[in-house]
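Here are the chains, one letter per residue:
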Number of protein chains: 2
Amino acid sequence: MSQVKPARKDREPSKRPQDPDGTRQDILETASREFALNGLSGARIDEIAARTKSSKRMIYYYFGDKEGLYLRALENAYRTVREGEDDLDTDGLPPVEALRRLVEFTFDHHHEHEDFIRMVMIENIHHGEYLERSDVISGLNVTAIDHIASIYRRGVEEGVFRPGLDPLELHWQVSALCFFNVSNRATFSKIFGRDIGTTDHQRRLRDNAVEMILKFVSAG
Amino acid sequence: MSQVKPARKDREPSKRPQDPDGTRQDILETASREFALNGLSGARIDEIAARTKSSKRMIYYYFGDKEGLYLRALENAYRTVREGEDDLDTDGLPPVEALRRLVEFTFDHHHEHEDFIRMVMIENIHHGEYLERSDVISGLNVTAIDHIASIYRRGVEEGVFRPGLDPLELHWQVSALCFFNVSNRATFSKIFGRDIGTTDHQRRLRDNAVEMILKFVSAG
DNA sequence: GTTGACAAACTAACCAGTTCGTACATTATG
DNA sequence: CATAATGTACGAACTGGTTAGTTTGTCAAC
């Protein structure tokens, strides 16, 4: 039940007493941080409101209820990250280099967007029921598979990748290696007494991930 | 709400009116399920108490407070899973087969212990602060690295594995592929519209995981 | 260009249900 | 009897959500 606002000519961030778009955005960003940090049940509406330039009443005015706010925060996280993925360009590169770039980029991208990773973890704890409720997110992700699929296809055509692999499974493998690196850093580091978050360690893990994927798809 | 109370005058000789160990265990198992399902903040003490054969009073009697109960549930999850890992025996096998077995076993073991995976996810959301507070868990895990380390060492000695790899990083890679498979099943399946939880799909993903690891460590 | 009516944006105080935790009494056990 | 184990009832604080009302913007009619 989103409120439809009259289109506003974009002006610089308004400091006018009433600023619907700004207020809405401010709430969404604050809520995103709080949900990523504490989860759906752990986050507190009062706390979100306090950190906002606005008030609790405005949260309910714009987002209906807590779950509505969470859903928008989830969509916001997916959208932000997917938009960032557009920065990856592998068009000129030969397949092997393109795939290497894609894995490196994915690794770094996940690394830089910990809040997104946390939102996905939280959503998985909830069995993905809010993601299912969103008609925004699914549209964002179908294209994510296209990139790796086209690289793989080129590689097979040029004879450097072996045929018969499923691009979705490739994407799964890349995701697993890059996601786990962020999602399980706390427990992994604490259990084995070695901080894997250092730049040195991260570079090694990234190189390993690239090598694993390349050796897996390689035709040789 | 009709309270169904256990019959006080039961003649079962096995069930003594007071059963400290049984009560404690019953509470712990119930709490483990609830925390794995709903997280620390999402779980409700009253709900846990209701599902118990005992009462809320007993929870506080034995576990102090909610966080204490959560910590014990976390330790319980780690202990249960680590004990199950003892079932893996690769002593007679040549290194390649041993490593294959280890990956397959880890994959299946994670698959079968979803509640453990969920507890680890939840604990990571909490930045591992409860795990850090536990002096039980760290002791359980150091040995987990030994198995893969010894297989790897044998492989290097026999010339079938390439030298220079870090067993902890190997363990990291195996964990990533096996953990992600369970932790992100909900969002992954829903986003790409394909249920990767089917036995058919799981077997493919498992085979891929094995192949990736083997190709990565192979000397060839 | 002032006015006034209406809608959008916003505020403060409050409410009702929930939730963790406890006080106190009672029963079993050794 | 002394102590451990357990049942009952309750309360203080928290928390999601609402009620009732105020301020600000828009725009047509003077």
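A few points on the structure. (Residues numbered from 1 in each chain as written. Chains lettered and ligands numbered in written order. Predicted model: local features only at pLDDT ≥ 70, side-chain atom pairs only at ≥ 80, totals over all residues. Heavy atoms only, no water.)

Following the criterion strictly, the structure yields 38 salt bridges over all chains and no others. Among the ionic pairs, E129(A) bridges to R133(A), the shortest N-O distance being 2.8 Å. Note that E129(A) and R133(A) are positioned in helix 7 (residues 129-133) at a spacing of four residues, about one turn of the helix. Ionic pairing is found between D108(B) and R206(B), a salt bridge with its closest N-O pair at 2.5 Å. Highlighted residues: D108(B) in helix 5 (residues 95-112) and R206(B) in helix 12 (residues 199-217), separated in sequence by 98 residues. (Salt bridge = Lys/Arg side-chain N within 4 Å of Asp/Glu carboxyl O. Helix = DSSP H or I, 4+ residues; strand = E, 2+ residues; numbered from the N terminus.)

Surrounding DNA strand D, one finds 21 residues, the nearest of these being R44(A), K56(A), Y60(A), R57(B) and Y62(B). The contact atoms of DNA strand D, taken as those within 4 Å of the protein, divide so that sugar and phosphate hold 62%. Between DNA strand D and Y60(A) there is a distance of 3.1 Å, counted from a phosphate oxygen to a side-chain nitrogen or oxygen. It is helix 3 (residues 56-63) of chain B that provides the largest number of residues to the surface near DNA strand D, a total of four residues. (Near = heavy atom within 4 Å. Polar contact = N/O pair within 3.5 Å; in protein donor to acceptor, adjacent residues only side chain to side chain.)

Contacts to DNA strand C come from 23 residues, most closely from D19(A), R57(A), R44(B), K56(B) and Y60(B). R57(A) is positioned such that a nitrogen or oxygen atom in its side chain is 3.4 Å from a base oxygen of DNA strand C. R44(B) places a side-chain nitrogen or oxygen 2.6 Å from a phosphate oxygen of DNA strand C. For the surface near DNA strand C, the elements supplying multiple residues, two or more each, are helix 1 (20-42) and helix 3 (56-63) of chain A together with helix 2 (45-51) and helix 3 of chain B. Broken down by element, the surface near DNA strand C gets its largest block of residues, four residues, from helix 3 of chain A. Its residues assigned to classes, the surface near DNA strand C comprises nine nonpolar, five polar and nine charged. (Nonpolar A, V, L, I, M, F, W, Y, C, P; charged D, E, K, R; others polar.)

As a further point, take the relation of the copies chain B and chain A. Laying chain B over chain A is done by rotating through 180° and shifting 0.0 Å along the axis; what remains is an RMSD of 0.1 Å. Taken together, the rotation and translation describe the operation of a two-fold axis. In this assembly the copies share their binding face: 100% of the residues contributing to the interface of chain B also contribute to that of chain A. (Least-squares fit on C-alpha atoms with pLDDT ≥ 70 in both. Contact = heavy atoms within 4.5 Å.)

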